[in-house]
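Coordinates in review
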2 protein chains.
Amino acid sequence: MITTKGYAAKSTTSGLAPWEFERREPGPTDVLIKILYSGICHSDIHQVKSEWGPAIYPIVPGHEIIGRIEQVGSDVKKFKVGDLAGIGCMVRSCGECDYCKNGQEQFCQKGKTVWTYNSVDADGTTTYGGYSDKIVADEAFVLHVSEKLNISKAAPLLCAGITTYSPLNRWKVGKGHKLGVLGLGGLGHMAVKFGVSFGAEVTMISHSPSKEADAKKLGAHKFCNTKDPEQVKALAGYFDFIIDTVSAPHDYNIYFNMLKVNGVHICVGIPPVPMEFMGNSLMRGNRVLTASSIGGIPETQEMLDYCAEHNIHPEVEIVPIDYVNTAYERVLSSDIKYRFVIDMASLAN
Amino acid sequence: MITTKGYAAKSTTSGLAPWEFERREPGPTDVLIKILYSGICHSDIHQVKSEWGPAIYPIVPGHEIIGRIEQVGSDVKKFKVGDLAGIGCMVRSCGECDYCKNGQEQFCQKGKTVWTYNSVDADGTTTYGGYSDKIVADEAFVLHVSEKLNISKAAPLLCAGITTYSPLNRWKVGKGHKLGVLGLGGLGHMAVKFGVSFGAEVTMISHSPSKEADAKKLGAHKFCNTKDPEQVKALAGYFDFIIDTVSAPHDYNIYFNMLKVNGVHICVGIPPVPMEFMGNSLMRGNRVLTASSIGGIPETQEMLDYCAEHNIHPEVEIVPIDYVNTAYERVLSSDIKYRFVIDMASLAN
C-alpha cells in the first residue's frame, strides 16, 4: 500500500486537519500521480459538511487535481512517468453501458460512476480526493495536461472549467450569439471566458453593480444590473443563451423573459429547493430550460486541450494546505476571485 | 358591413346563445370565408369564462375554422372564390419584425399579434371567431386546405394539430426515437398520430388504464400506467422525448426521470399555477424542458399539407351549434374522444 499524506475532515464540524491514509498499489491500468495543485470547489464544502447526503468520514476532498505521473501500471498506454496529468470529478464507471461508451461516464446507466472522493470504489474501498500528496487512478479517468498550461492555475478547469465548457459546447454557443452569464464566481468567471473565446457577445447579469468592472476585466462585453428595472426591461427577448451558475433560489421568470424565441437557459447551479416558475414564461417564445452536470472524460480532455491552445486559465488565489479552513470560510462569504488552488508542496512542511 | 350570424357569450355565466353582429367588408388583401366547420378548443371555454384575463363580451369563440372562399379583395393572390380555406389562432401581426418575417407571428416582437377572437384588431374593432357563418381576414393569415382532407374532421388541425406538430417538427422527432405522450385528449391524440407518422416509437403515459385500448387504436405502440410503480420504474431513462399535453398541475420529476441523457420534455399544456420540480431531476442527464405555443403560419400550412398527404385527421364528434353548451360541459368532464367540431350549416336552422 502507498502511505499518503492529506487533509481530512472527521465530522461535519471538525474542519480539515492533517491525516495519513493508504492508497492501493497501482494495478496494471493504474497510474500513480504526485499531486502538485488541487482546486477548492464549493461542492467540497457541501460534502465535508454532509450537506449532499451523509459523508463517509474521514473525508479527503478535492476533485480538481493537477500533478505528474510518478509510476505507471504494466498495461498503461496513455501515460509515461513525468507526464503532467489531471483528475476531475470521476475515477471509474462501468465502462460498458451506452453512456460510458459514449463519453458520458457521469451518467453511467448502471449507476457505477465512482466519484473522486467520498465515494465507494469498485473494490469496496473509499475514495479520497486531491487534498493529498498522491493519488492512484485508472488511466481511463486521467487526463493529459499540456505543458503549455500554467499548471498552478489550471486545476479548476477539471470541475469549474468542464462544467461551463460542456453545455456551451453542446449547445454550440458561439459567433453571432448573445450569451448572458448569471453569477460571477468560480463557474461564472469561466463561463465568461469560454463565452468570449467561442465568439459570443457576453453580458454579465448581476445584482451587484460592483461586479461590472470585474466582469469586463474577464472579457465580458456588457453588464446588466438586475436591481435596475430599466436595464432588465431593456434585455427582454435579448439573449440566445443564458448560463446560470447561481445555486441559491432565484426568480427564473425574470431571466426566461430575457431569452429570444427558442432561447435556452442553462443551469449549472441548481437550488437545493424546488425550482419554480410560471410555465407561460417558457411557453411565450418556445423557450428552453436545461441543466448540465460536469462533462464526460473525452470532453474534459477536449476542454483542457482547448484551454492550452487558447491560453485560457481560471483566475486563482494560491494558498497552502493549512489555509484550507480559512479558504472555506472565504468561499462561503464569496470573498474570493474566483477560485482557491492549494499548492500541495505545502503538505511537506 | 357584412351581417354575420353566430353564437356568443355575453358574460362569464351566460353560456353561448345566438347573436348577430357585423364584420368589415373585405379590403384589398382580405378574403371572405363561408365557414363550414368550427372546432371546439378547451381554450374557448377558458376565454368565454374570462379565465385568461378579462374577456371582451360579447365573445364569439372559435379558432379552428374550415370554410370556402366566397369573395376575394382586389389584391388577393393566394386564393380564388371556391377554394377551401382555414383560419387558426391568429388573424394579423405586425408583419415587419424578425419573428413575423420568420413565420413566428405568434411571438410578434411588437406585441401586435391579433388573435382570431377576443382580441382587438388593428382598426380597433373586436375580433369574432369561428362559431359564426362567415369570417373576413387578411389572406396572409388564411391557410390553404387541400381537397384531399376530410373537411368535416379537419378543423382541429388549426389549433390542436399545429400545437403538437410544431414542437415534434422543431425537435426533429422521428425514426429511432422513443416518444412518450402525456395525456390523451384533443392535443394528446394528435401527438400520438404525428409521432407514429414521423416514425417514432410512441408510448401513451396515463394514470387511466382504460386509455390503453384507445391509445393503441390511434397507433400508439406501448402504454404505461403511471399508477403502477413497476411500469414507471421500467421506463427510467427510456424516452428521447416526452410531449406533455396536461394542463393540470402534475409532478414533473416522475417524467423527467423517464428521459434519456439529453432527453427533452415538451409542454404544450401548462398549469395555471407555478411549475415546480427539483433541479436535480433535470441535471441528472442534462435533460431539457421546453414549452411550445401553437405554430406560425408557414408551419401551419406545412402541417395541413402533411396531413392531406398522409391522411391524418383528428378524431371528432360533429355536433350542431345549439349543442355547444352541452359540448362545453362534456369537454370539462373529459367526455369526448377527442374533439368536437361544429357543423356550421346548423346555424341556418
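If you're wondering where the values come from, they're calculated on a predicted model, not measured in any experiment.

If you rotate chain B by 180 degrees and push it 0.0 Å along the axis, it lands on chain A with an RMSD of 0.0 Å. Here the two chains are linked by the operation of a two-fold rotation axis.

Let us now look at the interface of chain B and chain A. The parts lose accessible area when they come together, and the size of an interface is often stated as this lost area. The partner chain A presents 33 residues to the 33 residues of chain B that form the contact. Taken as a group, B:Val261, B:Met283 and B:Asn286 account for 21% of the area that chain B buries against chain A, more than any other trio of residues on that side. Counting every contact that joins chain B to chain A gives 0 salt bridges. There are 9 residue pairs in polar contact (both at pLDDT 80 or more) connecting chain B and chain A.

Quick look at the nonpolar core now. Core analysis: the largest hydrophobic core is formed by 110 residues, its most contacted members being A:Leu179, A:Phe194, B:Leu179 and B:Phe194. Ignoring anything within four residues of it in the chain, the contact list for A:Leu179 reads A:Leu168, A:Val173, A:Ala191, A:Gly195, A:Ala200, A:Glu201, A:Val202, A:Thr203, A:Phe239, A:Phe241, A:Ile242 and A:Ile243.

Bringing the pattern of salt bridges into the picture now. If you walk through the whole model with that rule in mind, you get 32 salt bridges over all chains. We note a salt bridge from B:Lys193 to B:Glu315, for which the minimum N-O separation is 2.5 Å. One end of the pair, B:Lys193, is in helix α5 (residues 186–197); the other, B:Glu315, is in the loop between α10 (297–310) and β17 (316–319), with 122 residues separating them in the sequence. With relative accessibility at 15%, the residue B:Lys193 sits in the buried group. Residues joined by salt bridges that share partners form a network here, namely A:Arg24, A:Asp30, A:Arg92 and A:Asp121.

Quick look at the side chain of B:Thr164 now. All names here are of chain B. In this structure, Thr164 sits in helix α4 (residues 160–170). Take Thr164: its relative accessible area is 0%, and that puts it in the buried class. Within the structure, the side chain of Thr164 is placed 2.9 Å from the backbone oxygen of Ala160, a separation counted as a polar contact. Residue contacts for Thr164: discarding those within four places in its chain leaves Leu187, Met190, Ala191, Phe194 and Ile243.

A separate point is α4(B). All names here are of chain B. Of all 11 residues making up α4, 9 are buried, and the element is well covered by its neighbours. Residues of α4 that are buried: Ala160, Gly161, Ile162, Thr163, Thr164, Tyr165, Ser166, Pro167 and Leu168. Looking at the buried side of α4, the elements it contacts are β10 (178–182), α5, β13 (239–244), β14 (259–267), α10 and β18 (339–343). Count one or two residues on from α4 and you reach Lys172, which has phi positive near 55 degrees.

It is worth spelling out helix α5 (residues 186–197) of chain A at this point. Residues and elements named next belong to chain A. With 12 residues, α5 extends 17 Å between its outermost C-alpha atoms, agreeing within 8% with the 16 Å of an ideal straight helix rising 1.5 Å per residue. α5 sits mainly inside the fold: 10 of its 12 residues count as buried. Residues of α5 that are buried include every one of Gly186, Leu187, Gly188, His189, Met190, Ala191, Val192, Lys193, Phe194 and Gly195, and no others. Downstream of α5 by a residue or two, Gly199 has a phi angle that is positive, lying close to 100 degrees.

This brings us to unusual backbone geometry. Residue and element names in this part refer to chain B. Pro58 follows Tyr57 through a cis peptide bond whose omega is -10 degrees. Mapped onto the elements, Pro58 comes out in the loop between α1 (42–48) and β4 (65–72). At the junction of Lys337 and Tyr338, the peptide bond is cis and its omega measures out at -5 degrees in the coordinates. Mapped onto the elements, Tyr338 comes out in the loop between α11 (324–332) and β18. The residue Ile294 is not glycine, and still its phi comes out positive at about 35 degrees. Within the fold, Ile294 resides in the loop between β16 (288–291) and α10. Exposure remark for Ile294: the relative accessible area of 12% places this residue in the buried category.

The next subject is the pairing of strand β2 (residues 16–23) of chain B. Residues and elements named next belong to chain B. Both strand β1 (residues 2–9) and β2 contribute to a ladder of 8 bridges, which runs antiparallel. Pairing of Thr4 across the sheet is with Phe21, part of β2. What sits between the antiparallel neighbours β1 and β2 is a turn of 6 residues, in which Gly15 has the positive phi angle 70 degrees.

A separate point is the domain arrangement of chain A. Residue and element names in this part refer to chain A. The domain architecture assigned to chain A consists of domain 1 (2–159 + 314–348) and domain 2 (161–291). With 9 residues of domain 1 at the interface, the matching set in domain 2 holds 11 residues. For the domain 1 and domain 2 pair, buried surface summed over both sides reaches about 830 Å², with 53% attributable to carbon and sulfur atoms. When residues of domain 1 are sorted by the area they lose upon contact with domain 2, Leu157, Cys159 and Tyr338 head the list and together hold 58% of the total. Counting across the interface, domain 1 meets domain 2 through 2 salt bridges. The partner of Lys337 in a salt bridge is Asp214, with the nearest N and O atoms 3.2 Å apart. Linking domain 1 with domain 2 are 9 residue pairs in polar contact (both at pLDDT 80 or more). Per-class residue counts for the side of domain 1 that touches domain 2 are 6 nonpolar, no polar and 3 charged.

For the rest of this paragraph, the subject is the packing of aromatic side chains. Going through the model one piece at a time under the given rule, you end up with 27 aromatic pairs over all chains. Ring centres of A:Tyr252 and A:Phe277 lie 6.5 Å apart, and the angle between their planes is 70 degrees; this geometry places the pair in the edge-to-face category. With a gap of 25 residues between them, A:Tyr252 in helix α8 (residues 252–256) and A:Phe277 in strand β15 (residues 275–277) connect regions that are remote in the sequence. Both residues of the pair, A:Tyr252 and A:Phe277, belong to the buried class. Ring centres 5.0 Å apart and planes at 80 degrees place the aromatic pair A:Phe256 and A:Phe277 in the edge-to-face group. Here A:Phe256, found in helix α8, pairs with A:Phe277, found in strand β15; they are 21 residues apart in sequence, far enough to count as distant. Three or more aromatic residues joined by ring pairs form one cluster here, namely A:Tyr252, A:Phe256, A:Phe277, B:Tyr252, B:Phe256 and B:Phe277.

What follows deals with the environment of B:Gln106. Residues and elements named next belong to chain B. Within the secondary structure, Gln106 is located in the loop between α2 (98–101) and β7 (114–115). Here Gln106 falls in the buried class, since its relative accessible area comes to 9%. Along the sequence, Gln106 and Cys89 sit 17 residues apart, while their C-alpha atoms lie 8.7 Å from each other. With residues near it in sequence (within four places) discarded, Gln106 still touches Met90, Thr113, Trp115, Ser293, Ile294, Gly295 and Gly296. In terms of polar contacts, Gln106 uses its side chain to reach the backbone carbonyl oxygen of Ser293, at 3.1 Å.

The subject of this paragraph is the sheet that holds β10(B). Across the sheet, 12 strands lie side by side as β12(A)-β11(A)-β10(A)-β13(A)-β14(A)-β16(A)-β16(B)-β14(B)-β13(B)-β10(B)-β11(B)-β12(B); this open sheet has mixed pairing. Both edges of this open sheet fall to β12 (222–225) of chain A together with β12 (222–225) of chain B, since each of them pairs with a single strand only. The mean inter-strand angle of the sheet, taken between neighbouring strand axes irrespective of direction, is 20 degrees. Sheet analysis places strand β16 (residues 288–291) of chain A next to β16(B), joined by 3 bridges and oriented antiparallel. Residue A:Leu289 lies in a different strand from β16(B), and its bridge partner there is B:Leu289. Along the sheet face, α5(A) touches β10 (178–182), β11 (201–206) and β13 (239–244) of chain A and points at about 170 degrees away from the line of β10(A). Against the sheet, α4(B) touches β14 (259–267) of chain A together with β10, β13 and β14 of chain B, its axis set at about 160 degrees to β13(B).

Conventions adopted
Residues numbered from 1 in each chain as written. Chains lettered and ligands numbered in written order. Predicted model: local features only at pLDDT ≥ 70, side-chain atom pairs only at ≥ 80, totals over all residues. Heavy atoms only, no water. Least-squares fit on C-alpha atoms with pLDDT ≥ 70 in both. Contact = heavy atoms within 4.5 Å. Buried area = accessible area lost by both parts, 1.4 Å probe. Salt bridge = Lys/Arg side-chain N within 4 Å of Asp/Glu carboxyl O. Polar contact = N/O pair within 3.5 Å; in protein donor to acceptor, adjacent residues only side chain to side chain. Core = buried A, V, L, I, M, F, W, Y, C linked by side-chain atoms within 4.5 Å. Buried < 20%, exposed > 50% of the residue type's maximum accessible area, 1.4 Å probe, protein only. Helix = DSSP H or I, 4+ residues; strand = E, 2+ residues; numbered from the N terminus. Expected span 1.5 Å × (residues − 1). Pairing = 2+ DSSP bridges. Domains from an automatic or database assignment. Nonpolar A, V, L, I, M, F, W, Y, C, P; charged D, E, K, R; others polar. Phe/Tyr/Trp six-rings, centres within 6.5 Å; stacked < 30°, edge-to-face > 60°. Axes fitted to C-alpha atoms, helices over the stretch in contact; angles between N-to-C directions.

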